[in-house]
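Geometric and topological summary
The residues making up each chain are set out below.
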Amino acid sequence: MSSFISLNGIQKSFKDETVIKNVDLAIPRGQLFGLLGPSGSGKTTLVKIIIGLLNPTKGTVHIDNQTMPSLKLMQEIGYMAQSDALYSELTAKENLQFFASIYGIPKKKQKQRIQEVAKIVDLTDHLDKTLEHYSGGMKRRMSLAVALLHQPKLLILDEPTVGIDPVLRASIWQDLKKLQQQGTTIIVTTHVMDEAEKCDNLAMLRDGYVIAQGSPEQLIEKSNTETLEEAFLHYGKITYE
Ligand SMILES: Nc1ncnc2c1ncn2[C@@H]1O[C@H](COP(=O)(O)OP(=O)(O)OP(=O)(O)O)[C@@H](O)[C@H]1O
């Protein structure tokens, strides 16, 4: 089976510092795939390369058999960055209308789509509030709603639950599972082990290297450990010693 997303020999350097080191990844269609790694390991840089926001120094990215960056494919990707890029002086509905126009969603369809995404992230009752009155968690859910507006077939979320309380975090993960069931391929970055456990497959990143890949169960079993955290430490040692 050919992969929906494949990265071959990806390397990225900023000046003379190499922050992504010869990364190969193959992600099948419809997966919930996790990039797990500590702060500074290269997660954001790698997702920016996948969606075509950054050019790799070496290597290639293919999505759906097309070479990235591809403008056509970029329109089919939903990206939720680490910080919320929203307008705090506008209401949630106005924010969604603004982004819907940017995505080129016809005016007639916008109203329906805005209601749909608001329902997914549970903000239907708060659409008329300006975002300055939103909590941090509500803003994160709004960012997710924006990323979903154009019904992307690939959704990329950079640390979607940072700063979010456990209840909301669980609800966001439920949303992701629902979207996956509807056929969306999802890549999520995290440094939190219990979130990584919810993914179908993982790539463990450390210092720009992929130190291990597989399902959470495989990664634990192969390292002869009991938790993902122990597995992460195990694979780190193999790479570095
Ligand atoms: N534009 C840039 N110029 C120079 N160095 C950069 C740039 N962007 C990222 N880096 C460096 O690349 C490395 C990886 O950063 P990156 O943001 O990808 O890590 P991360 O795993 O996403 O971390 P975090 O979870 O803290 O966001 C870091 O050492 C960072 O300083």
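Residues numbered from 1 in each chain as written. Predicted model: local features only at pLDDT ≥ 70, side-chain atom pairs only at ≥ 80, totals over all residues.

By the naming in an unreviewed UniProt entry, the protein chain is ABC transporter ATP-binding protein, taken from Virgibacillus oceani.

Points about the site of the ligand
As a matter of local geometry, the ligand sits amid F14, V19, G37, S39, G40, S41, G42, K43, T44, T45 and H191. Here the shell around the ligand is composed, by residue class, of two nonpolar, eight polar and one charged. (Near = placed C-beta within 6 Å. Nonpolar A, V, L, I, M, F, W, Y, C, P; charged D, E, K, R; others polar.)

Topic: the domain arrangement of the protein chain
Along its sequence, the protein chain is organised into domain 1 (1-70 + 160-241) and domain 2 (77-151). Domain 1 and domain 2 are separated by 26 Å when their C-alpha centres are compared. Counting from both sides, the interface comprises ten residues of domain 1 and, opposite them, eleven residues of domain 2. Within the residue set of the side of domain 1 that touches domain 2, elements represented by two or more residues are α1 (43-51) and α6 (166-181). Among the elements that take part in the side of domain 1 that touches domain 2, α6 stands out by supplying four residues, more than any other. For the side of domain 1 that touches domain 2, the residue count by class is five nonpolar, three polar and two charged. (Domains from an automatic or database assignment. Contact = placed C-beta atoms within 7 Å. Helix = DSSP H or I, 4+ residues; strand = E, 2+ residues; numbered from the N terminus.)

Some words on the sheet that holds strand β1 (residues 5-14)
With antiparallel pairing, the four strands of this open sheet are ordered in space as β2-β1-β4-β5. The sheet is open, and its two edges are formed by β2 (17-27) and β5 (66-67), each paired on a single side. Across two bridges, the pairing between strand β4 (residues 58-63) and β5 is antiparallel. What sits directly across from I63, in β5, is Q66. (Pairing = 2+ DSSP bridges.)

Section: the UniProt feature "domain: ABC transporter" (unreviewed entry) in the protein chain
UniProt's entry tags residues 5-232 with the feature "domain: ABC transporter" (unreviewed entry), counted in the numbering of this structure. Within residues 5-232, the helical portion is 36% and the strand portion 27%, while the C-alpha atoms at the span's ends are 24 Å from each other. (UniProt positions renumbered as here; feature names shortened; annotations may be inferred.)

Some points on the pairing of β1
Where β1 meets β2, seven bridges bridge the pair, whose relative direction is antiparallel. Directly across from L7, in β2, lies its bridge partner L25. The hairpin formed by β1 and β2 contains two residues between the paired strands, and K15 there has a positive phi angle of roughly 50°. One ladder, built from five bridges, connects β1 with β4; its direction is antiparallel. By the bridge assignment for β4, L7 is matched with V61.

Some words on the environment of L148
Examined against the element boundaries, L148 turns out to sit in helix α5 (residues 136-148). Using a count of 20 C-beta atoms within 10 Å as the deciding quantity, one classes L148 as buried. Once the C-alpha coordinates of L148 and Y79 are considered, the two residues, 69 residues apart in sequence, prove to be 8.6 Å apart. Residues in contact with L148, not counting those within four places in the same chain, are G78, V117 and I120. (Buried ≥ 20, exposed ≤ 12 C-beta atoms within 10 Å, placed from the backbone.)

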